[in-house]
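Analysis of the macromolecular model
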There are 4 protein chains.
Amino acid sequence: MNARSPATLVADTGRGNEAAILNAALDAFGTHGFHGASMRDVAKRAGTSLSNLYNYVPSKSRLLAEVLRRANDELAARLGAALADAGDDAASRLREAVRAYVRFIVDHQVAMVVSTNEVRYLTGADRAGLVAERDATQAVFEDIVAQGVADGTFATPYPDDAARAVLTALSAVAGWYRADGRLSRGQLAEQQARYALALLEAPLAR
Amino acid sequence: MNARSPATLVADTGRGNEAAILNAALDAFGTHGFHGASMRDVAKRAGTSLSNLYNYVPSKSRLLAEVLRRANDELAARLGAALADAGDDAASRLREAVRAYVRFIVDHQVAMVVSTNEVRYLTGADRAGLVAERDATQAVFEDIVAQGVADGTFATPYPDDAARAVLTALSAVAGWYRADGRLSRGQLAEQQARYALALLEAPLAR
Amino acid sequence: MNARSPATLVADTGRGNEAAILNAALDAFGTHGFHGASMRDVAKRAGTSLSNLYNYVPSKSRLLAEVLRRANDELAARLGAALADAGDDAASRLREAVRAYVRFIVDHQVAMVVSTNEVRYLTGADRAGLVAERDATQAVFEDIVAQGVADGTFATPYPDDAARAVLTALSAVAGWYRADGRLSRGQLAEQQARYALALLEAPLAR
Amino acid sequence: MNARSPATLVADTGRGNEAAILNAALDAFGTHGFHGASMRDVAKRAGTSLSNLYNYVPSKSRLLAEVLRRANDELAARLGAALADAGDDAASRLREAVRAYVRFIVDHQVAMVVSTNEVRYLTGADRAGLVAERDATQAVFEDIVAQGVADGTFATPYPDDAARAVLTALSAVAGWYRADGRLSRGQLAEQQARYALALLEAPLAR
DNA sequence: TATGAATGAGTTTTCATTCAT
DNA sequence: GATGAATGAAAACTCATTCAT
């Protein structure tokens with residue numbers, strides 16, 4: 001099965017309704033926001049009863065945390081795989097990372113939107129955990145940029161800030177991407193890679 | 001008085017508690033999000049009673065709309081003023097627009113955050129109005145980019161998309177800016193201007 | 001108006017439904033216990049809506065605390081008044097205290113039952129406050145007993161424990177008293193006074 | 001094994017988890033009250049699953065009934081044994097009955113507390129059965145008192161009411177007894193016996 | 001303009017209980 | 001006997017909003 005529904009982040013876990021519930025939560029949070037979505041919404045989308053939700057998840061906020069954790073895991077896995085297959089030079093590593101990121105957005109647009117907008121409603125350990133995972137993702141980009149700045153590939157005077165700028169620009173894509181839009185998936189990746197390289201002030205040898 | 005509290009978007013309107021209420025709403029929506037904030041929150045922050053809110057505003061969603069409208073008006077005014085004072089060439093117009101935008105974020109960070117995150121919860125005419133205002137702001141940037149592409153200042157192959165990328169990168173600044181951060185207000189503007197010009201592929205005459 | 005409904009602990013406070021709510025809570029807690037009574041029960045008995053309860057009381061447990069506080073205040077006031085009018089010797093002071101206590105039970109049987117059975121469900125400051133008030137009431141009896149033991153009126157070898165035994169025996173009356181029972185109000189007081197004096201081992205000069 | 005945990009009312013019945021469940025229920029009801037304790041609480045304390053409870057007991061209220069029945073059986077057995085070994089005169093019979101009662105409280109304090117506070121939540125046949133058992137226990141004391149009054153050992157003018165007063169004073173002990181308190185088990189029994197005899201107005205030949 | 005009281009629908013969460021395995 | 005999943009009702013409490021004053 002190649003074509004996933006964009007909101008299907010979690011595949012069947014073999015544990016009853018779990019996948020359905022997590023995907024339903026993603027959908028609901030994506031549509032109404034964390035506070036705007038009710039547990040009833042989630043249950044309805046998951047095709048189960050409100051109270052049964054609590055056999056799988058102890059609270060609404062833990063539900064959000066779980067969904068975000070899975071989204072981040074998937075993104076991290078994709079980034080890792082892409083970089084494992086990439087060459088050694090900073091420019092192509094950056095390009096591969098951007099491509100993987102864009103593909104993640106295309107496949108899991110809602111997850112990206114929710115990740116961006118709703119983390120702030122986590123608290124305590126859930127928030128700390130997510131922030132740590134997110135920082136790890138950011139470090140991946142910072143490392144690439146640092147490498148490129150060291151070897152002269154990138155001329156930006158603000159390496160870390162620029163890495164973050166690249167990331168926020170990327171994640172903003174989830175806010176406007178439409179599957180039926182002007183650009184194909186590949187073209188979108190190409191565009192974003194070009195933005196990234198330009199922003200990092202790579203020579204325009206392209 | 002020169003130093004405004006960052007959340008104070010609306011100055012005294014001469015109409016009782018109106019300014020206090022609008023600023024309180026901005027604060028509350030900024031802290032908890034539209035759905036996470038309650039009218040009670042707003043009333044408490046404004047130092048008035050819950051029911052008195054409804055003497056100024058007919059509903060919670062109209063309160064959000066009003067707040068967002070004022071934020072956008074202020075941003076538009078600042079952009080307009082900055083461009084009126086700017087030169088004729090695309091690069092310096094872009095630079096001035098970025099500077100004004102950054103200064104708006106620094107002065108009204110919460111307003112920018114709320115603008116970015118909570119518009120989606122408006123509906124009907126309120127939403128349409130806001131989107132139109134926002135499109136007008138975007139057009140300002142698109143026009144500058146178009147001018148620069150026409151006269152060869154900018155080499156980007158995606159003028160409109162790049163203009164939007166510049167804008168989303170800018171508004172993302174509101175998500176992480178801290179008054180006590182590493183960069184001064186001026187340095188921040190400088191950095192963002194450089195990102196913008198790089199992203200638009202202006203010659204690296206810098 | 002002389003004949004009060006037994007559950008009417010709180011007279012009109014001039015503040016909307018407050019008295020009705022407190023009396024309704026007393027009734028509900030008396031009938032079903034704290035955990036067995038729902039806020040809906042209370043609202044129904046008070047003749048108002050569930051949500052309106054929360055304009056008067058911030059939580060169910062604070063409602064219990066408030067009810068118990070008022071009950072204890074009334075009991076303390078009655079004890080104080082009775083002792084102010086009593087003679088100086090321990091036996092007649094004890095007798096008057098018992099009479100006042102019994103009259104309180106007769107007038108506010110439900111309040112006494114709830115006081116006895118439901119304090120344990122209070123927590124934190126509410127519980128501490130109530131326990132302190134209750135200790136003060138107990139001290140009144142301990143003082144009388146101490147006086148009587150000192151001047152030879154009471155022969156009990158366990159003054160403090162015996163004072164407590166008297167009190168628990170008294171409050172247990174609330175568990176079985178019926179207005180239409182065998183004993184009149186006065187006879188009941190007489191009986192309990194006799195028990196108390198006997199238990200304290202006063203000479204059987206009776 | 002001589003030293004029982006105070007809450008262990010039921011010894012292994014040879015039927016799977018039954019004893020654990022009944023003891024867990026006793027604990028839970030003792031801690032939170034009948035309505036404040038949930039079947040989940042009970043299951044957790046018993047170390048089994050929620051649904052497995054229903055293999056042993058058909059409903060929550062029957063669980064309470066069962067626990068109370070066992071507590072009362074144990075108390076009745078102890079009273080019976082104590083009286084079988086006692087002499088013939090009312091004073092020593094009363095003394096032995098009080099001793100047995102106090103020992104029951106010391107061994108099964110929680111059971112006594114639950115018995116006292118939660119019977120009221122039983123309904124129908126369960127309640128009727130318990131009340132009958134309790135009346136039988138009360139009759140034991142009433143008989144002793146009647147005997148004593150008949151032969152001049154006790155001078156109380158209210159034989160039946162006084163018997164009940166003795167019983168409620170005794171059961172109230174469960175409300176404050178602490179294993180590490182001032183009085184030993186034997187001293188406590190001695191004290192309560194003295195209260196009882198005094199209350200019944202036995203001559204102070206002690 | 002301002003308030004406290006009022007309301008009905010809604011919130012998240014827990015309840016006792018049942019059922020398929 | 002034992003479990004995890006399921007359910008509908010109910011819990012306490014909050015919501016945006018209205019109204020009388």
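Residues numbered from 1 in each chain as written. Chains lettered and ligands numbered in written order. Predicted model: local features only at pLDDT ≥ 70, side-chain atom pairs only at ≥ 80, totals over all residues. Heavy atoms only, no water.

**A look at the relation of the copies chain D and chain C**
The relation between the two copies of this chain is a rotation about an axis and a shift parallel to it. When chain D is fitted onto chain C, the two copies agree to an RMSD of 0.1 Å after a turn of 180 degrees and an axial shift of 0.0 Å. One copy is carried onto the other by what is essentially a two-fold rotation axis. (Least-squares fit on C-alpha atoms with pLDDT ≥ 70 in both.)

**Concerning the interface of chain A and chain B**
Residue-level contacts link 32 residues of chain A with 32 residues of chain B. In total, about 2600 Å² of surface goes out of reach between chain A and chain B, with carbon and sulfur atoms giving 53% of it. Across the chain A-chain B interface, the total number found is six salt bridges. Two residues, glutamate 201 of chain A and arginine 194 of chain B, come together in a salt bridge whose shortest N-O distance is 2.6 Å. Our count for the chain A to chain B interface comes out at 15 residue pairs in polar contact (both at pLDDT 80 or more). The set of elements that each furnish at least two residues to the side of chain A that touches chain B consists of α1 (18-32), α5 (109-118), α7 (159-176) and α8 (185-199) of chain A. The biggest single contributor to the side of chain A that touches chain B is α7 of chain A, with seven residues. (Contact = heavy atoms within 4.5 Å. Buried area = accessible area lost by both parts, 1.4 Å probe. Salt bridge = Lys/Arg side-chain N within 4 Å of Asp/Glu carboxyl O. Polar contact = N/O pair within 3.5 Å; in protein donor to acceptor, adjacent residues only side chain to side chain. Helix = DSSP H or I, 4+ residues; strand = E, 2+ residues; numbered from the N terminus.)

**Some details on the protein's contact with DNA strand E**
Among the 34 residues in the neighbourhood of DNA strand E, the closest are listed as Thr48, Ser51 and Tyr56 of chain B together with Asn52 and Tyr56 of chain C. Taking the atoms of DNA strand E that fall within 4 Å of the protein, sugar and phosphate contribute 55% of them. At 2.8 Å from a phosphate oxygen of DNA strand E is found a main-chain nitrogen or oxygen belonging to lysine 60 of chain A. Within the side chain of threonine 48 of chain C, an N or O atom sits 3.1 Å from a phosphate oxygen of DNA strand E. Secondary-structure elements contributing two or more residues to the surface near DNA strand E are α2 (39-46) of chain A, α3 (50-53) of chain B, α3 (50-53) of chain C together with α2 (39-46) of chain D. Here the surface near DNA strand E is composed, by residue class, of ten nonpolar, 18 polar and six charged. (Near = heavy atom within 4 Å. Nonpolar A, V, L, I, M, F, W, Y, C, P; charged D, E, K, R; others polar.)

**Let's talk about the UniProt feature "domain: HTH tetR-type" (unreviewed entry) in chain A**
Feature annotation in UniProt assigns "domain: HTH tetR-type" (unreviewed entry) to the following positions: residues 15-75 of chain A. Span residues 15-75 of chain A is 64% helix and 0% strand, its end C-alpha atoms 23 Å apart. (UniProt positions renumbered as here; feature names shortened; annotations may be inferred.)

**Topic: the domain arrangement of chain A**
Residue and element names in this part refer to chain A. The domain architecture assigned to chain A consists of domain 1 (11-57) and domain 2 (68-199). Put simply, the middle of domain 1 and the middle of domain 2, counted by C-alpha atoms, are 27 Å apart. Each partner contributes residues to the interface: domain 1 has nine residues there, and domain 2 has six residues. Both faces combined, the contact of domain 1 with domain 2 buries some 620 Å², and carbon together with sulfur accounts for 73% of it. Here domain 1 is connected to domain 2 by one salt bridge. Here arginine 70 and glutamate 18 are joined by a salt bridge, their closest N and O atoms 3.9 Å apart. Run the count over domain 1 and domain 2 and you get one residue pair in polar contact (both at pLDDT 80 or more). For the side of domain 1 that touches domain 2, the per-class residue count stands at four nonpolar, four polar and one charged. (Domains from an automatic or database assignment.)

**Considerations on the interface of chain D and chain C**
Contact with chain D, which involves 32 residues of that partner, is made by 32 residues of chain C. Summed over both sides, the interface between chain D and chain C buries roughly 2600 Å², with carbon and sulfur atoms accounting for 53% of that surface. On the chain D side of the contact with chain C, Arg120, Tyr158 and Tyr195 of chain D bury the most area, a combined 23% of that side's loss. At the junction of chain D with chain C, the criterion picks out six salt bridges. The interface formed by chain D and chain C holds 15 residue pairs in polar contact (both at pLDDT 80 or more) in total. Only α1 (18-32), α5 (109-118), α7 (159-172) and α8 (185-199) of chain D provide two or more residues apiece to the side of chain D that touches chain C. Each residue belonging to the side of chain D that touches chain C can be placed in one class, and the counts come to 14 nonpolar, nine polar and nine charged.

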